[in-house]
Amino acid sequence: MTNVNYKWFSDKIVSKGLTQRAVAKHLGIDASTLSLLLHGKRRMRVEQAAEIARLLSVPVGDVMRNSGADMRGIRQDGGPAPVSHPVPLVGWVDENKNVSINFDEKGQSFAVEGEIPPEAICIQHRTAGTVADPMDGWIEVILPPREPNPDDMMDRHCVVKLSTGETLLRTIRRGYKPGHFNLLGVNLPPIHDAEVSWYSPVLLVKPL
């Protein structure tokens, strides 16, 4: 269970003249699932945080902070930043969560604070002027690609390469067929029973 500031979310929703049911509908989930998110019984995904921020007209970082999200890489309360580590850029993601990535070509590095594995790499959101504009410039720190492992993949936000050739940023759920997976994204149609060639788990997200 994550430490969510339920009152903060409740007050913001009411101040916008909305209901939790309306927010859930905007996110493409049912009201009971939103209740689990706002009570810390299910982890809020970063794309859900971005959509809530856009709906409530508040900074995405405020939503993430009050949702109990991993805020490594974000300086808190104006205090000194902890030791940072350079994480090289290997690709980018668009507003539809399509990923262009080349693990062999490392670009500029971004400083990320916290305990970051030395093999970590990152991709950057390039979404200016789109519905995903609030996340433009953000980076997602990921691990190198690995073979599909259902025990490790379930309910994780990952970069995935499909057998059909697409590379996507999605949350992974168990599929209806053995060895297949359902891939979910906010305001994106779900992909059912996808064959995954490899996946790269997202460790954390850093606003810029």
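Thresholds, definitions, all that
- Residues numbered from 1 in each chain as written.
- Predicted model: local features only at pLDDT ≥ 70, side-chain atom pairs only at ≥ 80, totals over all residues.
- Heavy atoms only, no water.
- Core = buried A, V, L, I, M, F, W, Y, C linked by side-chain atoms within 4.5 Å.
- Buried < 20%, exposed > 50% of the residue type's maximum accessible area, 1.4 Å probe, protein only.
- Contact = heavy atoms within 4.5 Å.
- Axes fitted to C-alpha atoms, helices over the stretch in contact; angles between N-to-C directions.
- Helix = DSSP H or I, 4+ residues; strand = E, 2+ residues; numbered from the N terminus.
- Parallel < 35°, antiparallel > 145°, perpendicular 65-115°, else oblique.
- Left-handed = near helix turned anticlockwise from the far one by under 90°.
- Nonpolar A, V, L, I, M, F, W, Y, C, P; charged D, E, K, R; others polar.
- Disulfide = S-S within 2.5 Å.
- Pairing = 2+ DSSP bridges.

Asks: Explain the nonpolar core here, please?
Replies: Nonpolar side chains in soluble globular proteins generally cluster together in the buried interior. Of all hydrophobic cores here, the largest spans 36 residues; its most connected members are F9, M44 and V63. Apart from residues lying up to four places away in sequence, F9 is in contact with V4, L38, M44, I52, V63, N66 and S67. Counting residues in hydrophobic clusters, the runner-up holds 12 residues, among them M153, L168, L183 and V196.

Asks: Is there a simple way to explain the packing of helix α2 (residues 20-27) against helix α4 (residues 46-56) in this structure?
Replies: When two helices pack together, their arrangement is captured by the angle between the axes and the distance separating the axes. Relative orientation of the contacting elements α2 and α4 amounts to 125 degrees, with a least axis distance of 10 Å. Between α2 and α4, the interaxial angle falls into the category oblique. When the axes of α2 and α4 are compared, the crossing they make is right-handed. When α2 is examined against α4, the residues V23, H26 and L27 are found in contact with a partner set consisting of Q48, E51, I52, R54 and L55. Residue classes in the contact of α2 with α4 are distributed as four nonpolar, two polar and two charged.

Asks: Please explain unusual backbone geometry as it appears in this structure.
Replies: What you tend to see is this: most non-glycine residues have negative phi, and most peptide bonds are trans. Despite not being glycine, K97 has its phi angle at roughly 65 degrees, a positive value. Along the chain, K97 turns up in the loop between β1 (84-93) and β2 (99-101). According to the relative accessible area criterion, K97 is buried, its value standing at 9%. The residue D155 is not glycine, and still its phi comes out positive at about 65 degrees.

Asks: Help me understand the state of the cysteines, please; the structure alone is not making it clear to me.
Replies: The bond known as a disulfide is covalent and runs between the sulfur atoms of two cysteines. Under the counting rule described, the total for this entry stands at zero disulfides. In this structure C158 is not part of a disulfide, and its nearest cysteine sulfur, from C122, lies 16 Å away.

Asks: What is the right way to read the pairing of strand β10 (residues 196-206) from this model?
Replies: Within a regular strand, side chains alternate between the sheet's two faces. In terms of residue burial, β10 counts as a mostly covered element, since nine of its 11 residues are buried. The pairing of strand β5 (residues 139-142) with β10 spans four bridges and is classified as antiparallel. Looking at β10, one finds that I142 is bridged to V202. Sheet analysis places strand β6 (residues 157-162) next to β10, joined by five bridges and oriented antiparallel. The residue of β10 that forms the bridge with C158 is P201.

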